[in-house]
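# Structure assessment
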Amino acid sequence: MKLLFVTQVVDRNDEALGAYHGWLIELAKRFETIEVICLYEGEHALPANVRVHSLGKERGIRSALVYAVRFLRHAWRLRSDYDAVFVHMNQEYVLAAGWLWKLLGKRMYLWRNHYAGTLLTDIAAAFCAKVFCTSMHSYTARYRKTVLMPVGVDLARFEGADATPRAPRSILFLSRIAPSKRPDMFIEALGLLIGKGISFVASIYGSSLPADAAYHDSLEGRVEALGLHDRVRFYPGVPNEKAAPVFRAHDIFVNCSPSGMFDKTLFEAIAAGCVVLAISDDFARMAGGGTAFTDAASLAERLTSMLEASDGEQDGIRKFQKDAAAMHALPLLAERLAAELESQHMLI
C-alpha cells in the first residue's frame, strides 16, 4: 500500500515536532512507499521509500495562498503515487484538499489529538474514513469513526545511560513555553515548596513563540518574586533528538498540559528513568492516581511526597510507570496504524 503523509514539519532537529521524523522511519517499514507533503523541510535521514515534498517555508515563503496552491499541486501531481492519505495534526489540509481526494477516490485519515475543536474540525472529520487520537478527552474522541491509538514514542531512544549524572532532588519541566502548557502552575507549586522548607533544584527547558514572549518574561519575573532564583534555571528548548540526556539528568518530570493532549514527553521521561507527575486524566488512568494533581497546591503535595520518598519507593513507581508506558511504544502505533489503513484499503 502506498501512503501520502501530510504534516507540518519534517526536521529531526525541530524542538516540538522532531519526534515525528521517527514516525516516518517506522511507518516506512510497513508501507510500499510514503510520499510526504510538509510545510517545512529541515534535516532528515529517511528510508529510500520515503520522499519529501516541501511547501517552502524553509526557503522564506510566508504566503498562505502560495502554500495552498503548492499543496493542491502536489496532491494532484502525486495522485498515482499514493492509495490513501494520512493527515497528521492539521485539519486545514483536509479542508483544503478533501474535495480533490474524494474525486480521486482516495481514503482520508486524520490524526488530531487536542482538547479544543470547532465546526471546521467536524467538517474535516466528515471527509475521513477514520479519525485517530490518543486521549479520551480529545475533541475528536466524540466521533463514532474515531479510533484511540497508542501515543507512539520511540522509548528505546530514551532508555539507557550516558555520562550525565542524575542530579539529586531535581525536578524538570520541558515543553514549549506557552499558556496552554501551564508552566506558571509549575512555578507556583515550587513557590509552595520553598514555604515548606523543602530542598530541591528545578530546570525549565523550552522556547516560546514570538506571541508568547511576554508570557515567557513574566514567568522569569515570577521566579524572582517567589525567591526561586537560586533554585530554578531556565534553558532554551532542545530538539527531540537531544532531549534524552536532559530527562536522564533529573529525578522528577512534571507535565501540566490539560487532559486531551496526552503529551509524548510523559513517555519519554518515563523511558529515561524519571518519576512522572501529570495533571492529565489519561495519564492517571494509565499510571494510577498517585502521581496526579489538579492545581499548584496539589502538585506541591505530590512533589513533597516524591522528594521525601525512599529510593525503593521511587524505584517502584518508576517500574510501574515504565510497564504502563510500554503500551505506547512507536512500533505498536505503527503496526496499529498500518493495520487500520490496510483493512480499509481491502474494502475498496
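Residues numbered from 1 in each chain as written. Predicted model: local features only at pLDDT ≥ 70, side-chain atom pairs only at ≥ 80, totals over all residues. Heavy atoms only, no water.

### Describing the sheet that holds strand 11 (residues 252-255)
The test is simple: Strand pairing is assigned whenever DSSP detects at least two bridges linking the two strands. Helix and strand definitions follow DSSP, with helices as H or I runs of at least four residues and strands as E runs of at least two, each counted in order from the N terminus. Convention adopted: a line fitted to C-alpha atoms gives each axis, helices being fitted over their contacting stretch, and angles between N-to-C directions are expressed from 0 to 180 degrees.
The five strands are arranged 10-9-8-11-12 in an open sheet whose pairing can be described as parallel. Since the sheet does not close on itself, it has two edges, and those belong to strand 10 (232-235) and strand 12 (275-278), each with one partner. Each adjacent strand pair in this sheet contributes to an overall mean axis angle of 20°, direction not counted. Relative to strand 11, strand 8 (residues 170-174) runs parallel, the two being bridged by two bridges. Looking at strand 11, one finds that Leu172 is bridged to Phe253.

### A few points about the sheet that holds strand 4 (residues 84-88)
Think of a sheet as strands paired side by side through backbone hydrogen bonds, with each pair either parallel or antiparallel. Within the open sheet, the seven strands sit side by side as 3-2-1-4-5-6-7. Their pairing is parallel. On the outer flanks of this sheet lie strand 3 (50-54) and strand 7 (146-148), each paired with one strand and no other. Going across the sheet, the axis of each strand differs from the next one's by a mean of 25°, ignoring polarity. Examined bridge by bridge, strand 5 (residues 107-111) and strand 6 (residues 130-133) share three bridges and lie parallel to one another. Looking at strand 6, one finds that Trp111 is bridged to Phe132.

### Some thoughts on a nonpolar patch on the surface
As a reminder, the rule being used: Patch definition: residues above 30% relative accessible area lacking any salt bridge, with like charges linked at up to 9 Å and the nonpolar side chains Val, Leu, Ile, Met, Phe, Trp and Tyr linked at up to 5 Å. We get accessible surface area from the Shrake-Rupley algorithm with a probe of 1.4 Å; when it comes to residues, only the shown protein chains can shield them. The term salt bridge refers to a pairing of a side-chain nitrogen on Lys or Arg with a carboxyl oxygen on Asp or Glu at a separation within 4 Å. Relative accessibility under 20% of the residue-type maximum defines a buried residue, over 50% an exposed one, and the middle range a partly exposed one, all with a 1.4 Å probe and only protein chains included.
Taken together, the side chains of Leu119, Leu120 and Ile123 make up a nonpolar region of the molecular surface, amounting to roughly 280 Å² of accessible area. Within the secondary structure, Leu120 is located in helix 4 (residues 119-127). The class of Leu120 is partly exposed, set by a relative accessible area of 45%.

### Remarks on empty space enclosed by the protein
Our working definition: Definitions used for this entry: grid spacing 1 Å over protein atoms alone; cavity, a set of points where a 1.4 Å probe fits but cannot get out; pocket, an open set with protein on both sides within 12 Å along at least 5 of 7 lines; lining residue, one with an atom within 4 Å of a point. Grid points are joined across faces, edges and corners, and a volume is the space filled by probe spheres set on the points. Gly is put with the polar residues, along with every residue not named as nonpolar or charged; the nonpolar set is Ala, Val, Leu, Ile, Met, Phe, Trp, Tyr, Cys and Pro, and the charged set is Asp, Glu, Lys and Arg.
Under the criterion given, the structure shown has one cavity of 30 Å³ or more. Lining the largest cavity we find Phe5, Thr7, Val9, Val10, Asp11, Tyr20, His21 and Leu24. If you list the elements that add at least two residues to the lining of the largest cavity, you get strand 1 (2-10) and helix 1 (20-28). Broken down by element, the residue count for the lining of the largest cavity peaks at four residues, all from strand 1. Residues of the lining of the largest cavity, tallied by class, amount to five nonpolar, two polar and one charged.

### Regarding the packing of aromatic side chains
Test applied: Only Phe, Tyr and Trp rings are paired, with Trp represented by its six-membered ring, and only when their centres lie within 6.5 Å; those with planes under 30 degrees apart are stacked, over 60 edge-to-face, the remainder tilted. Whether a charge sits over a ring comes down to the Lys NZ or Arg CZ being within 6 Å of the ring centre and within 35 degrees of the ring normal.
Here the structure, examined in full by the defined rule, presents 13 aromatic pairs. Grouped by ring-pair contacts, the aromatic residues Phe5, Phe86, Tyr109 and Phe132 constitute a single cluster. In this structure, Lys106 is placed above the aromatic ring of Tyr82, and the distance from its NZ or CZ to the ring centre is 4.9 Å. Sitting over the ring of Phe200, Arg231 keeps its end group 5.1 Å from the ring centre.

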